[in-house]
Amino acid sequence: MSDIVEKTLTALPGLFLQNQSVGGPAGVKTSFSSRLGGLVRGITALTSKHEEEKLIQQELSNLKATVSAPTTTLRMMKECMVRLIYCEMLGYDASFGYIHAIKLAQQGNLLEKRVGYLAVSLFLHENHELLLLLVNTVVKDLQSTNLVEVCMALTIVSQIFPREMIPAVLPLIEDKLQHSKEIIRRKAVLALYKFHLIAPNQVQHIHIKFRKALCDRDVGVMAASLHIYFRMIKENSSGYKDLTGSFVTILKQVVGGKLPVDFNYHSVPAPWIQIQLLRILGLLGKDDQRTSELMYDVLDESLRRAELNHNVTYAILFECVHTVYSIYPKSELLEKAAKCIGKFVLSPKINLKYLGLKALTYVIQQDPTLALQHQMTIIECLDHPDPIIKRETLELLYRITNAQNITVIVQKMLEYLHQSKEEYIIVNLVGKIADILVLNTVDTYAPDNAWFIQTMNAVFSVGGDVMHPDIPNNFMRLLAEGFDDETEDQQLRLYAVQSYLTLLDVENVFYPQKFLQVMSWVLGEYYYLLDKDTPEEVLTKLYKLLMNDSVSSETKAWLIAAVTKLTSQAHSSNIVERLIQEFTISLDTCMRQHAFELKHLRENVELMKSLLPVDKSCEDMVVDASLSFLDGFVAEELSQGAAPYKPHHQRQEEKLSQEKVLNFEPYGLSFSSSGFTGRQSPAGISLGSDISGNSAETGMKETNSLKLEGIKKLWGKEGYLPKKEGKTGDETEALPVPQESIIMENVDQAVTKKDQCQVLTQSKEEKEKQLLASSLFVGLGSESTINLLGKADTVSHKFRRKPKVKETKSGETTSAHSMTCSYFSSSSNATYEDDYYLDALQDRGDKELNKFSLNSELLDSESLTELPSVEKLSNCKLSSSPSLFTDNNMEGFHPSQSTAPSVAPETSLASSLLEETSEHMHSELVEVCHNETISVSSYKIWKDDCLFIVWSVSNKSGLELKSANLEIAPAENFKVRQ
Amino acid sequence: MIQAILVFNNHGKPRLVRFYQQEIQQQIVRETFHLVLKRDDNICNFLEGGSLIGGSDYKLIYRHYATLYFVFCVDSSESELGILDLIQVFVETLDKCFENVCELDLIFHMDKVHYILQEVVMGGMVLETNMNEIVAQIEAQNRLEKSEVTPRWA
């Protein structure tokens, strides 16, 4: 710190001198420029915010007088502008100077103009009305022969320009693309990019010129055009596939060091250009094998060339990894990229660790084994002092949550939640926990009722007031609708009621309003489950809350609704009477209304019971919406001369027709957002015919909002959605096979590692971490060795919400079922269905039996010859599924597969994975039950925002089956009958 | 795309504020100060802005030099490490232009700092990362200032 002070002190005299020298001989100017210094010094000397305010207000009023005085020269104005910018930066309003900034840009000489433009770009925003006054100046400067003026005009255009006025300057800027100076070309490209951002329809016709810019001999111009291409490819990648070759070539040149040395940064050739190119390639190669193949070489080279000597090489590496995992996968590249991720994650540099976690989060769905490799690092990051790292780690864990690790992960999240103060983090995290728990999905991993309710209690108490309103709503709906099992549901509700009663017993604890609302709803609905004679106890508690001033009136409405429900179950209650007395005179009209309703309902117990039935919250009540029971009354009133009822709109119309004096409706805006009205601009520059030629397209492109069509959905609720489009079998196969071997190796490694660990004496801490790791990463990758059937599966299926899933997804699931069933009835051993064809189905129960291959008809003779090798491989339960459907380019992977140890040789599971599974995150195939002839297995697929449970039934006997019935019984998960 | 560039000192006094999509928003400036100031030097240089600027797609990337914090607010289309080095380029350029830049240079020559920034980032897009080129542009402008005539390269 002292050296800084010293530096500041030594710099001071020089600065003042400099100020004066800049001021030059002109006395006026000196006084003005030192005034900024004076102002700054004045502010620095002040001790309180209040004094600063006073000083600046005074300064501003001085400035106001100066700028509006007719005697003020432009040179003085320039100094005033700088001071105004300073005041504005400190947060004071200097709007009186805006018009003068525009004037300065218009009238000043080069230097004054520069200040004027700067002030305008800092003061105004895109839609500011004064900006229109600037258009003429910009047009004039763009036509100037002075390069500095042109540069300034291009800069201001790219910073801030009214959208309607684009046509006025567009032809001028287009011309600049051919300018001889590269700086002008570069700025022109960026200005056009800005236009593309704010009004894409207006620059459509110059896309061809962007291509020219891409091929510009100046690297800077090319780099500028990459901004545009990145944007356009992000919006519509299919339209630019033909440019892939060019981008690859450029990247090759850059990586190869063909650019001028000037572009090297710490001896890395043009890192920013490399980053941009890699991102573009990632977008282009997504789900496109042909395009991806073009870039494998250059990506490989980038990975190889990036020697880790500087921060910026890591930036390139990170982009490389990202691209490798975005494009159509290639196993060698994936392997290398995975190694790179290791470098990031294991780096002692915290920034790199952060990015490593980010990369892991990104790739985790494609390759969960990576998380296993780095599990210890991830555990360490969980306790990292930096909250950002911690949060990123939780994000990662959130992606790998499954039935076995849910308690640990949620516990970690809650710990973090309790520590965080920032609202944004709380909202985010609460949403995630709720998401994991149950509320946004159909299936939950929650192990038991108590845990579930307690976790939700924690979530509500911390995030209650900021959380998304869907969370409490979904929670209540979940309680109301229940899961598969009615007794289980009752237990859950009962537990919730008990837990809330205990919570309300605690004195002097303040719960968030949302939580109180949930409590009052649950107590109102399900208190009867406690089987108490009278709800006196709970009524007392609710009454206490109602009398509490800190409870909001919205919550009070919930509370009194609960009281009303409980009253219908009670016969008489002093508390209810007291409550009615209190609130019928309440100042809150809403509460008074509720109290009166309650009072009247109490007088008619029968009505009250039919109005508030017990445990019927999910059922619709029959209501006579036409109010037909009033017909008699209405007829009687009408006959006595009452005026007939007029609906609201009719009354409104009549009222309007009576008062047709002044029209307060605004006239249509003179400038519509359409680009074509812009042609009526004061500049009066007419557009080339090529613009009007595009009129058909303008309608579509009119809106400036984000265009989502054509952009692939990358992130869903569960995170990254890999390869949604890939529907063909061969496309999806390349990935799982190499992973397979990794999993196997990994399992082995893990086992040996554990052995070693046990031999070695370890510190206790280390062991705790190991324990944590094993609880966190259970069910990832190594799942094939764990028998899920025993514990996890039953747990994970406990809370399945049956009715909804089946309804919404019945189309797909039943088709899957019917397909499997049709297999039984047909004596042929192959079935084909358009959408769902089974990848492979093999019967390995009896070695003598023929193999059934569902798609043997689909496979050509060539792949049939591969079957023997498949037979060998299918020892391994997992690999049996994808390997049958191989095509030629997959052959290379077979050797590595066959060397993999057979994990479950005894398994007689006839496994059939739907083709879709390889595209989405899915769980392992788990055999649910089997006998000699039939085996039933299930697995889960996470897709977009839903979860499919796919049941596959396979025949092991080779006999023809007449029919198959599936019955879902509450006691067990599923039963199969013949 | 870069959304905003903020420079402030250890006490949270703004030294340079530049928004690219909107006018200066003091609320954002203040909140950013608070977020960044309370972070230690030995933790990572990235921060998620959250509801601050435009939602979770945006993040703050900052560097701390002696008395000054340089904060860039960017969206997801920018590379984090790339921006980190861009800040370095910007600061090194300032250092070249002011010869041993210190906080006072930024205060008293606020306009010049803006001009230098304009050569690095234009309208939220990275214009130039080549330090020599940036300095050349600034020098050309300085010559203009001294002579107040058309510059040599014009």
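It should be noted that the structure appears before, not after, this text.
The following paragraphs examine the structure supplied in this document. Treat the numbers as computed from the prediction; the structure is a model and nothing was measured.

### Considering the overall build of chain A
Helix and strand counts for chain A stand at 45 helices and 10 strands. The buried share of chain A, taken over its 978 residues, is 54%. Taking contacts inside chain A between residues at least 6 apart in sequence as the whole, the part at least 24 apart equals 67%. In the form shown here, chain A has an accessible surface area of approximately 45000 Å², with 54% of it arising from carbon and sulfur atoms.

### Let's talk about the interface of chain A and chain B
At the junction of the two partners, chain A supplies 78 residues and chain B supplies 75 residues. With both chains or domains summed, chain A and chain B bury close to 6900 Å², and 61% of this area falls on carbon and sulfur atoms. Of all residues in chain A, Met89, Arg114 and Trp272 of chain A give up the largest surface area on contact with chain B, accounting jointly for 11% of the area buried on that side. At the boundary of chain A with chain B, the tally comes to 18 residue pairs in polar contact (both at pLDDT 80 or more). For the side of chain A that touches chain B, the element with the highest residue contribution is helix α1 (residues 2-23) of chain A, accounting for nine residues. Classifying every residue of the side of chain A that touches chain B by side-chain character gives 42 nonpolar, 17 polar and 19 charged.

### Some words on the pairing of strand β5 (residues 68-74) of chain B
Residue and element names in this part refer to chain B. In terms of burial, β5 is a largely internal element, seven of the seven residues being buried. Alternating residues of β5 divide into Leu68, Phe70, Phe72 and Val74 and Tyr69, Val71 and Cys73, and every residue in both groups is buried. As judged from the seven bridges shared by strand β1 (residues 2-9) and β5, these two strands associate in the antiparallel manner. The partner of Val7 across the bridge, within β5, is Phe70. Direction of pairing for strand β4 (residues 59-65) relative to β5: antiparallel, over a ladder of seven bridges.

### Describing the packing of aromatic side chains
This model, assessed by the stated rule, comprises 19 aromatic pairs over all chains. Here Tyr229 of chain A and Phe247 of chain A contribute two aromatic rings whose centre-to-centre distance is 5.8 Å and whose plane-to-plane angle is 70°, an arrangement assigned as edge-to-face. Note that Tyr229 of chain A is positioned in helix α12 (residues 219-235) and Phe247 of chain A in helix α13 (residues 244-255), a separation of 18 residues in sequence. Of the two residues, Tyr229 of chain A and Phe247 of chain A, both sit in the buried class. What links up through ring pairs into an aromatic cluster is the set Phe452, Phe460, Phe475, Tyr500, Tyr511 and Phe515 of chain A. Over the ring of Tyr115 of chain B we find Arg114 of chain A, and its NZ or CZ is 3.8 Å from the ring centre.

### Observations regarding the environment of Tyr193 of chain A
The topology assignment puts Tyr193 of chain A in helix α10 (residues 182-198). Owing to a relative accessible area of 6%, Tyr193 of chain A belongs among the buried residues under this scheme. Considered as a pair, Tyr193 of chain A and Leu226 of chain A are 33 residues apart in the sequence and their alpha carbons are 9.9 Å apart. When sequence neighbours within four positions are dropped, the list of residues in contact with Tyr193 of chain A reads His227, Ile228 and Arg231 of chain A together with Met125 of chain B.

### Focus on the sheet that holds β5 of chain B
Residue and element names in this part refer to chain B. One open sheet holds the five strands; their spatial order is β2-β1-β5-β4-β3, and the pairing between them is antiparallel. The open sheet is flanked by β2 (14-19) and β3 (46-48), the only strands paired with a single partner. The mean inter-strand angle of the sheet, taken between neighbouring strand axes irrespective of direction, is 20°. Two elements, β1 and β2, share five bridges in a ladder whose sense is antiparallel.

### What about the packing of helix α15 (residues 289-305) of chain A against helix α16 (residues 311-326) of chain A?
All names here are of chain A. One can describe the packing of α15 onto α16 by two numbers: an axis separation of 10 Å at closest approach and a directional angle of 150°. Comparing the axis directions of α15 and α16 gives the class roughly antiparallel. α16 is crossed by α15, and the crossing has left-handed handedness. Across the interface between the two elements, Leu299, Ser302 and Leu303 of α15 pack against Leu317, Cys320, Thr323 and Val324 of α16. The residue inventory of the contact of α15 with α16, partitioned by class, reads five nonpolar, two polar and no charged.

### Description of helix α29 (residues 553-569) of chain A
All names here are of chain A. Between its terminal C-alpha atoms α29 stretches 25 Å, which fits the 24 Å expected from 17 residues at 1.5 Å a residue. Counting buried positions along α29 yields 12 of 17 residues, so the element is predominantly enclosed. For α29, the full list of buried residues reads Thr555, Lys556, Ala557, Leu559, Ile560, Ala562, Val563, Thr564, Lys565, Leu566, Thr567 and Ser568. Looking at the buried positions of α29, the neighbouring elements they touch are α27 (513-526), α28 (536-546), α30 (574-583), α31 (589-603) and α32 (605-611).

### Considerations on empty space enclosed by the protein
The method is simple in principle: a probe with the dimensions of a water molecule rolls over the atoms, and the space it marks as empty is what remains. Inspection of every chain in the model, using the stated rule, returns 18 cavities of 30 Å³ or more. Estimates place the volume of the second largest cavity at around 300 Å³. Secondary structure elements with two or more residues in the lining of the second largest cavity: α12 and α14 (271-284) of chain A together with α2 (80-98) of chain B. Here the lining of the second largest cavity is composed, by residue class, of 12 nonpolar, seven polar and three charged.

### Here's the deal with helix α8 (residues 147-159) of chain A
Residue and element names in this part refer to chain A. For α8, which comprises 13 residues, the first-to-last C-alpha distance of 18 Å matches the rise-based estimate of 18 Å (1.5 Å per residue) to within 8%. Of all the 13 residues making up α8, 13 are buried; the element is thus mostly covered by neighbouring parts of the structure. Looking at where α8 begins, the residue whose side-chain oxygen comes 2.8 Å from the main-chain nitrogen of Val148 is Asn146.

### A short note on the side chain of Arg83 of chain A
Along the chain, the position of Arg83 of chain A falls in helix α4 (residues 74-89). At a separation of 2.5 Å, a polar atom in the side chain of Arg83 of chain A contacts the side chain of Glu59 of chain A.

### Thoughts on the pattern of salt bridges
All chains considered together, the criterion is met by 24 salt bridges over all chains. In this structure, Lys13 of chain B engages Glu52 of chain A in a salt bridge whose closest nitrogen and oxygen atoms are separated by 2.9 Å. With Lys13 of chain B in the loop between β1 and β2 and Glu52 of chain A in helix α3 (residues 49-68), the pair connects residues from two separate chains. With relative accessibility at 4%, the residue Glu52 of chain A sits in the buried group. Between Asp242 of chain A and Arg211 of chain A there is a salt bridge whose closest N-O contact spans 2.9 Å. Taken together, the residues span a long stretch of sequence, with Asp242 of chain A in the loop between α12 and α13 and Arg211 of chain A in helix α11 (residues 207-214) at a distance of 31 residues. By relative accessible area, which is 27% here, Arg211 of chain A ends up partly exposed.

What counts, and where the lines are drawn
- Residues numbered from 1 in each chain as written.
- Chains lettered and ligands numbered in written order.
- Predicted model: local features only at pLDDT ≥ 70, side-chain atom pairs only at ≥ 80, totals over all residues.
- Heavy atoms only, no water.
- Helix = DSSP H or I, 4+ residues; strand = E, 2+ residues; numbered from the N terminus.
- Buried < 20%, exposed > 50% of the residue type's maximum accessible area, 1.4 Å probe, protein only.
- Contact = heavy atoms within 4.5 Å.
- Areas by Shrake-Rupley, 256 points an atom, 1.4 Å probe, with all protein chains shown as cover.
- Buried area = accessible area lost by both parts, 1.4 Å probe.
- Polar contact = N/O pair within 3.5 Å; in protein donor to acceptor, adjacent residues only side chain to side chain.
- Nonpolar A, V, L, I, M, F, W, Y, C, P; charged D, E, K, R; others polar.
- Pairing = 2+ DSSP bridges.
- Phe/Tyr/Trp six-rings, centres within 6.5 Å; stacked < 30°, edge-to-face > 60°.
- Lys NZ or Arg CZ within 6 Å of the ring centre and 35° of its normal.
- Axes fitted to C-alpha atoms, helices over the stretch in contact; angles between N-to-C directions.
- Parallel < 35°, antiparallel > 145°, perpendicular 65-115°, else oblique.
- Left-handed = near helix turned anticlockwise from the far one by under 90°.
- Expected span 1.5 Å × (residues − 1).
- 1 Å grid on protein atoms, 1.4 Å probe; cavity = no way out; pocket = protein on both sides within 12 Å on 5 of 7 lines; lining within 4 Å.
- Points joined across faces, edges and corners; volume = space filled by probe spheres on them.
- Salt bridge = Lys/Arg side-chain N within 4 Å of Asp/Glu carboxyl O.

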